[in-house]
Amino acid sequence: MSGFSSEERAAPFTLEYRVFLKNEKGQYISPFHDIPIYAEKDVFHMVVEVPRWSNAKMEIATKDPLNPIKQDVKKGKLRYVANLFPYKGYIWNYGAIPQTWEDPGHSDKHTGCCGDNDPIDVCEIGSKVCSRGEIIRVKVLGILAMIDEGETDWKVIAINMDDPDAANYNDISDVERLKPGYLEATVDWFRRYKVPDGKPENEFAFNAEFKGKDFAIDIIKSTHDYWKALVTKKTDGKGISCMNTTVSESPFKCDPDAAKAIVDALPPPCESACSLPTDVDKWFHHQKN
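Residues numbered from 1 in each chain as written. Predicted model: local features only at pLDDT ≥ 70, side-chain atom pairs only at ≥ 80, totals over all residues. Heavy atoms only, no water.

(A) Quick look at the side chain of N117. Here N117 shows up in the loop between β10 (93-96) and β11 (121-124). Only 3.1 Å separates the side chain of N117 from the side chain of W101, close enough to count as a polar contact. (Helix = DSSP H or I, 4+ residues; strand = E, 2+ residues; numbered from the N terminus. Polar contact = N/O pair within 3.5 Å; in protein donor to acceptor, adjacent residues only side chain to side chain.)

In structure tokens form, the structure reads like this:
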């Protein structure tokens, strides 16, 4: 429906694994820079990085050309989030809004902390388990201000416009009413998910209270402005790859052939390897047997 598609390169759960995005013409694009922030009036695009209930910590590679989705690595090892009792992996479809950027050089007036240098994060609460690399249209409902190791890390709460119940959700109060306990679980998850790795609990602004739709949209719009400055070289990205194929005023714009050459230099498209289980628990079972 969106016209966007994805292509996997190398096998999942390897250091070489990448998910590249394509436009309706089958040309490679950046999910960070080339997918419009708006799908339509008051509706945003979301790039799904992590399907609900999965554990592999996948994210848009902001410093790689064309910004493919890849698994995060720490000290040479692939990163997974623990099953944090009573939760299984991520408890929402997790991803980012394209054409946004939390500027690490800007101190947020609400949190007093600078941005985390990534696109703004989204927790999609609908009933469908989305696919990695899927582009969906979402309705923004609210936002949580997390402080992660001294950096502002906003978490947008949204619902897939194609969800059967999407019409019933119009603000954060509807989530409280229709999904009792879900917002409390969201705070609990974000507070504790790094503890199994030996890190302290995360903190929050506003006493860990969610702000509503209008506040959330204002924050998203501000991160879009920071992105504009980034992609037009008015701000120093300090290593972020701003290569794109669509932003006319950007000095980093390239033609589709140049984008294709970058992808063609990588391991071939994933075939049999991609039929392996995408859930990490099943993957470990597969490896063991």
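(B) Just helix α2 (residues 182-192), in detail. Three or more residues of α2 are buried, namely Y182, L183, A185, T186, V187, W189 and F190. Here the buried face of α2 lies against β10, β11, β12 (135-148), β13 (151-160), α1 (172-178) and β14 (203-204). (Buried < 20%, exposed > 50% of the residue type's maximum accessible area, 1.4 Å probe, protein only. Contact = heavy atoms within 4.5 Å.)

(C) Representation of the pairing of β13 within the structure. Across the 10 residues of β13, nine count as buried, placing the element largely inside the fold. In this structure, β11 lies alongside β13, joined through four bridges in parallel fashion. Note that in β13 the partner of E124 across the bridge is A158. Where β12 and β13 come together, 10 bridges link them in antiparallel fashion. (Pairing = 2+ DSSP bridges.)

(D) Main features of the nonpolar core. Formed by 50 residues in total, the largest nonpolar core has its most connected members in W92, I125, W189 and F190. Residue contributions to this core peak at six residues, all from α2. Those residues in contact with F190 that lie beyond four places of it in its chain are W92, Y94, C123, L144, M146, K155, N202 and F204. With 21 residues, the next largest nonpolar core counts C130, V138, V140 and V156 among its residues. (Core = buried A, V, L, I, M, F, W, Y, C linked by side-chain atoms within 4.5 Å.)

(E) Representation of the environment of A205. One can find A205 in the loop between β14 and β15 (211-212). Judged by its relative accessible area of 10%, A205 is buried. When neighbours within four sequence positions are excluded, A205 is seen to be in contact with H110, T111, A145 and I147.

(F) Focus on unusual backbone geometry. Each neighbour pair has its own omega, and for F85 with P86 the value is 5°, a cis peptide bond. Note on placement: P86 falls in the loop between β9 (77-78) and β10. Even without being glycine, L66 reaches a positive phi, approximately 70°. Its place among the elements puts L66 in the loop between β6 (58-60) and β7 (69-71). Overall, the relative accessible area of 0% leaves L66 in the buried class. Look at N67: it is not a glycine, yet its phi comes out positive at around 50°. Looking at the secondary structure, you find N67 in the loop between β6 and β7.

(G) Structural detail: the pattern of salt bridges. Applying the stated criterion to the full structure yields 20 salt bridges. R137 is paired through a salt bridge with E40; the nearest N and O atoms lie 2.7 Å apart. With R137 in strand β12 and E40 in strand β4 (residues 38-40), the pair connects residues that are 97 residues apart, well separated along the chain. Put simply, R192 and D188 hold a salt bridge, and the shortest N to O gap is 2.9 Å. Highlighted residues: R192 and D188, both in helix α2, separated by four residues, approximately one helical turn. (Salt bridge = Lys/Arg side-chain N within 4 Å of Asp/Glu carboxyl O.)

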